[in-house]
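Residues per chain are reported as follows:
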Amino acid sequence: MQQRFTQHIAHLQQVVQHILEATCLDGLWIYAGAAKSYFLDDQDAPFKVNPHFNYFFPHPMAEKSWLFVDGQNKPKVYFYAPQDYWHATPNPPTETFFSAVFDWQILNEPMQIKSFIQQPERCAFIGENEILAHNLGFKQINPQKVLNVLHFERSIKTEFEIECIFQAQYNALKGHQVAQQAFFDGKSEFEINLAYLQASLQSDTNVPYGNIVAINQNAAILHYTTLEHQLPSSRYSFLIDAGATYLGYASDITRTYAFDPHSEFAALVAKIDQFKLDTISCLQVGVNYLNYHTQMHQWISQALQEFDFVRLPAEQIFESGISRSFFPHGLGHQLGLQVHDVAGFQQNQRGTHKAAPDMYPSLRCTRDLAENMVLTIEPGLYFIEMLLDPWKNHSLGRYFNWQKIEQFKVFGGIRSEDNVVVRANKVENLTAQAQQQILL
């Protein structure tokens, strides 16, 4: 890990040199950020580090810390470690695999940083507290030209980053295994979530995103996080979308289960699982992500015909847009320091933006696949009244098998999601690799 991180920093030093030469700046000051207080309250929301800080410094619990990078000298970290008997404060991680890469300065008070910032007008500030940046004398605050390069570089992962995302699979998969068993043991959504958190060694405040733990029709709510305490009278299906982090890098994994393994719904789950694996096997450098999303809609259209939900040829189901009412989200997204990682629409370092097409407004990536991109692949099929009801008054509505669709609403829906890295001549399924190692 140490060697990979050293190579990671060496690459970032080159990136910073390029940025500074292009912008005529002397360096970047990157602020980790600070926890925000709730409105009219003396309590803070959980701290979430500036991902650009985490990009250089793999320690997400570094509130009110700073980095200075100039692309030539050792990056310098100004680590905030106050003396505090009210709260547990982080110990400076000066004895870790990454500590020797940095020069260190310990801050006991936040505004001590002012004495270390020289000629701020010749540097760029990267962070969310623009008022603080102004007060410290910065003129270049989150300049778009700098962010464009950083975002584009973050979309192509180093080997260190790929290893972190791989490591983030393990705790998540352990949580998924326990959550699956908890569902079949008759636990409620609330209880399943607790079991997941315990097995994955996380709390509700440090998961990479709010866990989606949905039984039955709740799986039709794409970002369902309510967590019912009571178990429904009958169990039909279970969808869990939950991840974990490693050094700030996220995993994002979804599984769907049929309570009756011999049901037609179970066969439909298996079909979506196979669509996911087939897509992963097809991914190639240089192919635009939209192609795979479109292909998935064609496959979903085939499933709608095969399972007798829509009595039309698959090609017509696709061309008429019916599949979009059953599969309303994108095929996946970039993954890294943020679950929905940056630069999914950004085509180059200059920041050229290519929006999702109007017919697929929820698509999160319009890029040509590049070597060392890390993505989620997550096809789905849902029975959502809000999206299906308009078809009842459409000329094609008579071809919908409304009786069967009504029966399947109790299942909510299906999503299957793995995390993959695109290599030059192959694709590595990080989720599947980690699962195999857990089973050994």
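Residues numbered from 1 in each chain as written. Predicted model: local features only at pLDDT ≥ 70, side-chain atom pairs only at ≥ 80, totals over all residues. Heavy atoms only, no water.

Asks: Just checking my understanding: could you explain the sheet that holds strand β7 (residues 212–215) for this structure?
Replies: To summarise the sheet geometry, strands pair through backbone hydrogen bonds and adopt either a parallel or an antiparallel arrangement. Judged by pairing direction, the sheet is antiparallel, and its 3 strands sit side by side in the order β7-β8-β11 without closing on themselves. Looking at strand neighbours, the two that pair on one side only are β7 and β11 (253–258), the edges of this open sheet. The mean inter-strand angle of the sheet, taken between neighbouring strand axes irrespective of direction, is 5 degrees. As defined by bridge partners, strand β8 (residues 237–242) adjoins β11 across 6 bridges and the pair is classed as antiparallel. Each residue of the ladder has a partner; that of Asp 241, found in β11, is Thr 254. The strands touched by helix α7 (residues 264–282) within the sheet are β8 and β11, with β11 carrying the most contacts at an inclination of about 155 degrees. (Pairing = 2+ DSSP bridges. Helix = DSSP H or I, 4+ residues; strand = E, 2+ residues; numbered from the N terminus. Axes fitted to C-alpha atoms, helices over the stretch in contact; angles between N-to-C directions. Contact = heavy atoms within 4.5 Å.)

Asks: Just checking my understanding: could you explain the domain arrangement of the protein for this structure?
Replies: The parts lose accessible area when they come together, and the size of an interface is often stated as this lost area. For the protein, the assigned domains read domain 1 (1–142) and domain 2 (159–439). Distance from the C-alpha centre of domain 1 to the C-alpha centre of domain 2: 35 Å. For the pair domain 1 and domain 2, the summed buried surface comes to about 1,200 Å²; carbon and sulfur atoms form 68% of the total. Counting the contacts that link domain 1 with domain 2 gives 1 salt bridge. As a salt-bridge pair, Glu 163 and Arg 4 come within 2.9 Å of each other at their nearest N and O atoms. Among the residues forming the side of domain 1 that touches domain 2, the class breakdown is 8 nonpolar, 3 polar and 2 charged. (Domains from an automatic or database assignment. Buried area = accessible area lost by both parts, 1.4 Å probe. Salt bridge = Lys/Arg side-chain N within 4 Å of Asp/Glu carboxyl O. Nonpolar A, V, L, I, M, F, W, Y, C, P; charged D, E, K, R; others polar.)

Asks: Explain unusual backbone geometry here, please?
Replies: Where the residue is not glycine, phi is negative for most of them; where a peptide bond is considered, it is trans in most cases. A positive phi is found at Asp 308, a non-glycine position, where the angle reads about 65 degrees. Inspection of the secondary structure assignment puts Asp 308 in the loop between α8 (289–306) and α9 (314–319). One non-glycine residue, Ala 343, lies in positive phi territory at about 70 degrees. Note that Ala 343 resides in the loop between α10 (323–326) and β12 (374–377).

Asks: Looking at this structure, how should I read the packing of aromatic side chains?
Replies: The relative placement of two aromatic rings is captured by the distance of their centres and the angle of their planes. Scanning the model with the defined rule gives 42 aromatic pairs in all. Both rings, one in Phe 265 and one in Phe 411, keep their centres 4.2 Å apart while their planes meet at 5 degrees; by these two values the pair is stacked. Of this pair, Phe 265 sits in helix α7 while Phe 411 sits in the loop between α12 (402–408) and β14 (413–415), and the two are 146 residues apart along the sequence. With a relative accessible area of 11%, Phe 411 lands in the buried category. An aromatic cluster is built from Phe 5, Phe 53, Phe 57, Phe 79, Phe 97, Phe 98, Phe 102, Trp 104, Phe 160 and Tyr 249, whose rings are joined through pairwise contacts. One Lys or Arg, Arg 235, reaches over the ring of Phe 183 and ends 5.8 Å from the middle of that ring. (Phe/Tyr/Trp six-rings, centres within 6.5 Å; stacked < 30°, edge-to-face > 60°. Buried < 20%, exposed > 50% of the residue type's maximum accessible area, 1.4 Å probe, protein only. Lys NZ or Arg CZ within 6 Å of the ring centre and 35° of its normal.)

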